[in-house]
Amino acid sequence: MAAKNVLIVYAHQSAASFNAAVKKAAEEAFKAQGCDVVVSDLYAMKFKATATEDDVTGGIKNPEHFCYGEETMTAWQEGRLSPDIVAEQKKLKDADLVIFQFPMYWFTMPAIMKGWIDRVLTKGFAFSPEKPYSEGIFKNKKAMLSFTTNSHETMFSASGINGDINVTLWPIQNGILHFCGFQVLPPQIFWAPAYVPQEARASMLETWTGRLQGLLNEAPLSFAPCDSFDLEKGFQMKVDVQEKHSGSPYGLTVGHHLGKPLPPNSQMKAGV
Ligand SMILES: Cc1cc2nc3c(=O)[nH]c(=O)nc-3n(C[C@H](O)[C@H](O)[C@H](O)COP(=O)(O)OP(=O)(O)OC[C@H]3O[C@@H](n4cnc5c(N)ncnc54)[C@H](O)[C@@H]3O)c2cc1C
């Protein structure tokens, strides 16, 4: 296997945290495989989380009505984005695999990481409305979520108090990563590390280290391909695709459930 470039986008405030240990294990495992590993340590970098006019240098095109998406796309085209965004975009451009490492905050990622997403994934650079999802700009790259929770796994199930984790993952894995074209690898979830014995945490790290040996060759999650939808009809799912799926007991994806039960674990396991 050729050496790969791995970017770890990391959001934790403490070097003594379990997230730090997980991140360190990934760095070591990829380096041992001959990969180049770059870490964006967002809190250490004091990464700016807010999408504002300051992200554009050299003047705003429409100061009366500032439109972040349009202004930053133009700034990207003209090489006028702020240096911190340009630096992250260079790392992302070079990366074959991007790992987002974070503690779950409010069912999603911490604000500083969402800020990275908002600011670095500029229209034109990271996504194009004309070529979304399976046609997306990063279709030759892989990405995955690796995160910790305070909740136990049972709490994030279809009958658990927090509901189905597949539903929680869908907006990030589909709406952000897959929308930009990334092949999304199944997530790595470390359930409630603060609430299990030390041996259980050691065992989680061991399992992660084992997975890291073959991660670059893993199959991605399944999503509905772009050509399943009809541009002329407001991107509705094509009738023949729906008919082809009519015999299945499950919906096509978490989002495209077609009024049926969700495909079990489709945001957790490849090939579902
Ligand atoms: C604003 C906010 C919102 C939140 N929202 C949610 C939510 O929606 N859902 C949810 O489930 N949780 C939520 N949480 C909880 C949060 O997800 C957890 O606190 C976090 O995931 C725990 O991970 P950590 O790395 O911070 O753990 P830590 O507390 O840093 O570590 C856990 C344990 O691992 C130990 N440890 C560190 N390194 C190692 C090592 N190398 N080997 C073995 N053990 C080690 C530590 O000493 C500690 O005992 C939220 C928290 C906040 C602050």
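The present account deals with the structure reproduced in this document. Since this is a predicted model, take the numbers as computed values, not measurements.

One can find Phe-156 in the loop between β4 (142–148) and α5 (165–178). Judged by relative accessible area, Phe-156 falls into the buried class, the value being 3%. When the C-alpha positions of Phe-156 and Tyr-43 are compared, they lie 28 Å apart, and in sequence the two are 113 residues distant. Leave out the neighbours within four places in its chain, and Phe-156 touches Met-104, Phe-107, Ser-151, Asn-162, Gly-163, Asp-164, Ile-165, Thr-168 and Trp-191.

Moving on to the pattern of salt bridges. Counting across every chain of the model gives 13 salt bridges. The closest approach of N and O atoms between Lys-48 and Asp-55, which form a salt bridge, is 2.6 Å. Given the relative accessible area of 24%, Lys-48 is considered partly exposed. Given a relative accessible area of 0%, Asp-55 falls into the buried group. A salt bridge links Lys-61 to Glu-78, with the nearest nitrogen and oxygen atoms 3.5 Å apart.

Further remarks concern α5. The element α5 is extensively covered by neighbouring structure, given that 11 of its 14 residues are classed as buried. Listed as buried for α5 are Ile-165, Asn-166, Thr-168, Leu-169, Trp-170, Ile-172, Gln-173, Asn-174, Ile-176, Leu-177 and His-178.

Its 12 residues give helix α3 (residues 83–94) an end-to-end C-alpha distance of 17 Å, which sits within 8% of 16 Å, the value for a rise of 1.5 Å per residue. Ile-85, Glu-88, Gln-89 and Leu-92 are the residues of α3 that are buried. Down the axis of α3, the smallest arc covering the buried residues is 105°, so these residues share one side. Away from its buried face, by an angle of more than 90 degrees, α3 presents the exposed residues Pro-83 and Lys-90. Buried positions along α3 lie against β1 (5–10), β2 (36–41), α2 (68–77), β3 (97–103) and α4 (111–120).

In the neighbourhood of the ligand, 20 residues make up the surrounding shell, with His-12, Met-104, Trp-106, Thr-148 and Ser-151 lying closest. Met-104 is positioned such that a nitrogen or oxygen atom in its backbone is 2.6 Å from an oxygen atom of the ligand. Here an oxygen atom of the ligand sits 3.4 Å away from a polar atom, N or O, in the main chain of Thr-149. Of all the secondary structure elements, the ones that give two or more residues to the shell around the ligand are α1 (18–32) and α6 (198–214).

About the cut-offs
Residues numbered from 1 in each chain as written. Predicted model: local features only at pLDDT ≥ 70, side-chain atom pairs only at ≥ 80, totals over all residues. Heavy atoms only, no water. Helix = DSSP H or I, 4+ residues; strand = E, 2+ residues; numbered from the N terminus. Buried < 20%, exposed > 50% of the residue type's maximum accessible area, 1.4 Å probe, protein only. Contact = heavy atoms within 4.5 Å. Salt bridge = Lys/Arg side-chain N within 4 Å of Asp/Glu carboxyl O. Expected span 1.5 Å × (residues − 1). Arc of directions from axis to C-beta. Near = heavy atom within 4 Å. Polar contact = N/O pair within 3.5 Å; in protein donor to acceptor, adjacent residues only side chain to side chain.

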